[in-house]
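Below, each chain spelled out in residue letters.
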Amino acid sequence: MSETASVSAEIRVRYLLLQFLKDSLNQDSIKITKAIEDGENFMGFIFNVTLDEYNLIIKVAPHQQCYRELFPIHEIYQREIFVYNHIIPEFIKLQNEWKLSSKFESFAKHYTSSTDQNQEYLLMENLQQRVSDITHIVQQLYFQTKLESYSPHKINSVLQEVTILGRHLSSIVAAKI
């Protein structure tokens with residue numbers, strides 16, 4: 001994508017952030033940097049956003065017609081936003097209902113998004129900070145070690161529960177589509 005398109009996207013990002021924050025922060029406290037270089041992703045622009053103690057990522061769809069004719073950009077953003085708005089909350093709810101001792105939580109916190117045609121975007125937690133956090137790594141190693149210590153019978157039981165969860169999530173998706 002061109003440098004002009006990238007600058008235009010950065011201006012759009014600043015505007016979206018100010019709308020989301022509703023003037024609760026000084027515009028000078030927002031730091032926006034490219035998360036990827038121009039041309040690395042034809043599905044949109046990705047920026048790192050730092051404001052106070054928050055480290056965020058914003059993905060902004062290109063609005064140029066040439067990209068929209070080549071790629072199903074609107075549909076891709078709709079699907080990703082659907083996952084963040086419907087699938088992940090349902091998955092969290094099921095984990096809580098089942099009172100799991102080790103929960104899978106390795107997904108970004110979703111703050112806001114839009115599926116409006118030519119205005120698609122997602123504002124999310126930047127997981128780089130969390131992934132580099134040693135406690136997250138230890139948590140993942142603990143989960144892996146615990147799984148490896150299960151007997152074949154216990155692993156089979158867990159896989160059956162995952163299959164049931166998958167069927168439940170599929171029925172939720174089918175009902176919402």
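Scroll up for the structure.
To start, this report covers the structure provided alongside it. (Residues numbered from 1 in each chain as written. Predicted model: local features only at pLDDT ≥ 70, side-chain atom pairs only at ≥ 80, totals over all residues. Heavy atoms only, no water.)

1. Considering the environment of F47
To keep things clear, this is the line we draw: A run of H or I in DSSP counts as a helix once it spans at least four residues, and a run of E counts as a strand once it spans at least two, with each numbered from the N terminus.
Within the fold, F47 resides in strand 2 (residues 45-51). Along the sequence, F47 and I36 sit 11 residues apart, while their C-alpha atoms lie 7.3 Å from each other.

2. A few points about the sheet that holds strand 5 (residues 121-125)
By definition, the strands of a sheet pair up through backbone hydrogen bonds, in either a parallel or an antiparallel sense. Applied cut-off: At least two bridges found by DSSP between two strands are what make those strands a pair. All axes here are fitted lines through C-alpha atoms, helices being fitted over the stretch that makes contact, and every angle between N-to-C directions spans 0 to 180 degrees. Should any heavy atoms of two residues lie within 4.5 Å, those residues are considered in contact.
An order of 1-2-3-5-4 is seen for the five strands of this open sheet, with the pairing classed as antiparallel. Edge positions in the sheet fall to strand 1 (30-34) and strand 4 (110-114), since each has one partner strand and no second. Within the sheet, the average angular offset between the axes of one strand and its neighbour, ignoring direction, is 20 degrees. Relative to strand 5, strand 3 (residues 54-60) runs antiparallel, the two being bridged by five bridges. Looking at strand 5, one finds that L56 is bridged to E125. Across the sheet, helix 3 (residues 73-97) lies against strand 3, strand 4 and strand 5, angled at about 40 degrees from strand 5, the strand it touches most.

3. Describing helix 3
For clarity, the cut-off: Take the number of residues in a helix, subtract one, and multiply by 1.5 Å to get its expected span. The bend reported for a residue corresponds to the angle between axes fitted to the seven residues ending at that residue and the seven starting there. The buried label applies to any residue whose accessible area, calculated with a 1.4 Å probe on protein chains only, is under 20% of its type's maximum; exposed applies above 50%, and partly exposed to all values in between.
Taking 1.5 Å as the rise per residue, helix 3 with 25 residues should run 36 Å; its terminal C-alpha atoms sit 35 Å apart, in good agreement. Along helix 3, the sharpest kink reaches roughly 35 degrees, centred on V83. Every buried residue belonging to helix 3 is among I73, H74, Y77, I81, F82, Y84, I87, I88, E90, F91, L94 and Q95, and all of these are buried.

4. Considering unusual backbone geometry
Across residues other than glycine, the phi torsion is negative in most instances, and most of the peptide bonds are trans. Its identity is not glycine, yet K99 carries a phi of approximately 50 degrees, on the positive side. Relative to the helices and strands, K99 is located in the loop between helix 3 and strand 4.

5. Brief notes about the nonpolar core
To keep it simple, the criterion reads: In this description, a nonpolar core means a group of buried Ala, Val, Leu, Ile, Met, Phe, Trp, Tyr and Cys residues linked to one another through side-chain atoms lying within 4.5 Å.
Ranked by size, the top nonpolar core spans 16 residues in total, and within it V13, L17, I30, I32, F47, V49 and I58 carry the most contacts. Taken together, the elements giving at least two residues each to this core come down to helix 1 (3-21), strand 1, strand 2, strand 3 and strand 5. When residues of this core are assigned to their parent elements, the largest contribution, five residues, is made by helix 1. In this structure, A61, I88, F91 and F107 belong to the second largest nonpolar core, which totals 14 residues.

These values are about where atoms sit, not about what they do.
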